[in-house]
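Residue-level listing of the chains:
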Amino acid sequence: QGDGQILVVAAGPSHSVRWRRHLGATETSPTIVGNRVYIGDYNGTVYCLRGLNGRTLWTFHAGGDVKGAIAYDRGRVFFGAYDGRLYALRASDGKPVWRAESNRDWLGNHGQFYSTPSVAYSRVYLGSTDGHVYSFGEQSGKLRWSYKTGGFVYGSPAVWNHRIFVGSYDRTFYAFDAATGSVLWKFRANGPISGSATVVDGIVYFATLKRRTYGLDALTGE
């Protein structure tokens, strides 16, 4: 499925290449925790690499493409895959802790996870191509709540003040109660929302595929 690469360049003026590793095709932004780098590829392989030299410390093979980034919290890594599953692995050695699934449609198929998970309040939040936003228990992987939007949910949910913010291809931007999944407010934008939101000083920012960027009051949606 193509040839991907992770490239590590010195931060100083020389910008010299420290090391590089060839992977399968990848869209995953590397996640750096201490002296380790976590990254996934279209072959469904998640790598844990030594930051100093790129040496493989462990790999894990998921049941589908891994396109979102790898989230880390309290000694575990979390990622979704195109087999419709969310995985939790032990960060030290890649051993599985649990896996959870998106809902099945009437044909028995799963939506795919492109969204990068957000981990907060002992929950894991992410969106799916089945249009749902999901909240799973961080320790158990049990479904806590889900909400169906009207389109793909590709962005990584933003977390602020016990609220979860995420946009959908249905042109709507949502604010959820982090614990219950209740919709606190929603905002109709000018086009599909694909990327992730960011909250700065109480303002939540996001952009649409129709080339417009919005800044909304994170409490009210105004």
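Nothing here was measured: the structure is a model prediction, and the numbers come from that model. (Residues numbered from 1 in each chain as written. Predicted model: local features only at pLDDT ≥ 70, side-chain atom pairs only at ≥ 80, totals over all residues. Heavy atoms only, no water.)

Observations regarding the sheet that holds strand S10 (residues 96–101)
How we decide: By this definition, two strands are paired if DSSP reports at least two bridges between them. Only DSSP runs of H or I with at least four residues qualify as helices, and only runs of E with at least two residues qualify as strands; both kinds are numbered from the N terminus onward. The angle between two axes is taken between their N-to-C directions and runs from 0 to 180 degrees, where each axis is a line fitted to C-alpha atoms and a helix contributes only its stretch in contact.
As summarised here, the arrangement of the four strands in space is S7-S8-S9-S10, forming an open sheet in which the pairing is antiparallel. Two strands lie at the open edges of the sheet, namely strand S7 (71–73) and S10, each paired on one side alone. Ignoring strand direction, the axes of neighbouring strands in this sheet form an average angle of 20 degrees. Note that strand S9 (residues 85–90) and S10 share five bridges and pair antiparallel. Within S10, the position partnered with Leu 89 by the bridge is Pro 96.

Looking at the packing of aromatic side chains
Rules: Pairing of aromatic side chains here covers Phe, Tyr and the six-membered ring of Trp, requires ring centres within 6.5 Å, and sorts the geometry by plane angle: under 30 degrees stacked, over 60 edge-to-face, intermediate tilted.
Applying the stated criterion across every chain, the model contains 24 aromatic pairs. Ring centres of Trp 145 and Phe 176 lie 5.5 Å apart, and the angle between their planes is 40 degrees; this geometry places the pair in the tilted category. A residue pair is termed long-range when its members are at least 10 positions apart, and Trp 145 in strand S14 (residues 143–148) and Phe 176 in strand S17 (residues 172–177) qualify at 31 residues. In textbook terms, an aromatic cluster arises when at least three aromatic residues are bridged by ring pairs, as seen for Trp 160, Phe 165, Phe 173, Trp 185, Phe 187, Phe 206 and Tyr 214.

Observations regarding the pattern of salt bridges
Defined as follows: The working definition used for a salt bridge is a side-chain nitrogen of Lys or Arg within 4 Å of a carboxyl oxygen of Asp or Glu. Per-residue accessibility, obtained with a 1.4 Å probe over protein chains only, is compared with the maximum for each type, and a residue is labelled buried under 20%, exposed over 50%, and partly exposed between these values.
For the structure on display, the rule yields five salt bridges. Between Arg 74 and Glu 138 there is a salt bridge, with the nearest N and O atoms lying 2.8 Å from each other. Of the two residues, Arg 74 is situated in the loop between S7 and strand S8 (76–80) and Glu 138 in the loop between strand S13 (132–137) and S14; the sequence distance between them amounts to 64 residues. Assessed through its relative accessible area of 2%, Glu 138 is described here as buried. With a shortest N-O distance of 3.6 Å, Arg 85 and Asp 83 are connected by a salt bridge. The class for Arg 85 is buried, based on a relative accessible area of 17%. Owing to a relative accessible area of 11%, Asp 83 belongs among the buried residues under this scheme.

This is a description of form; function is not addressed.
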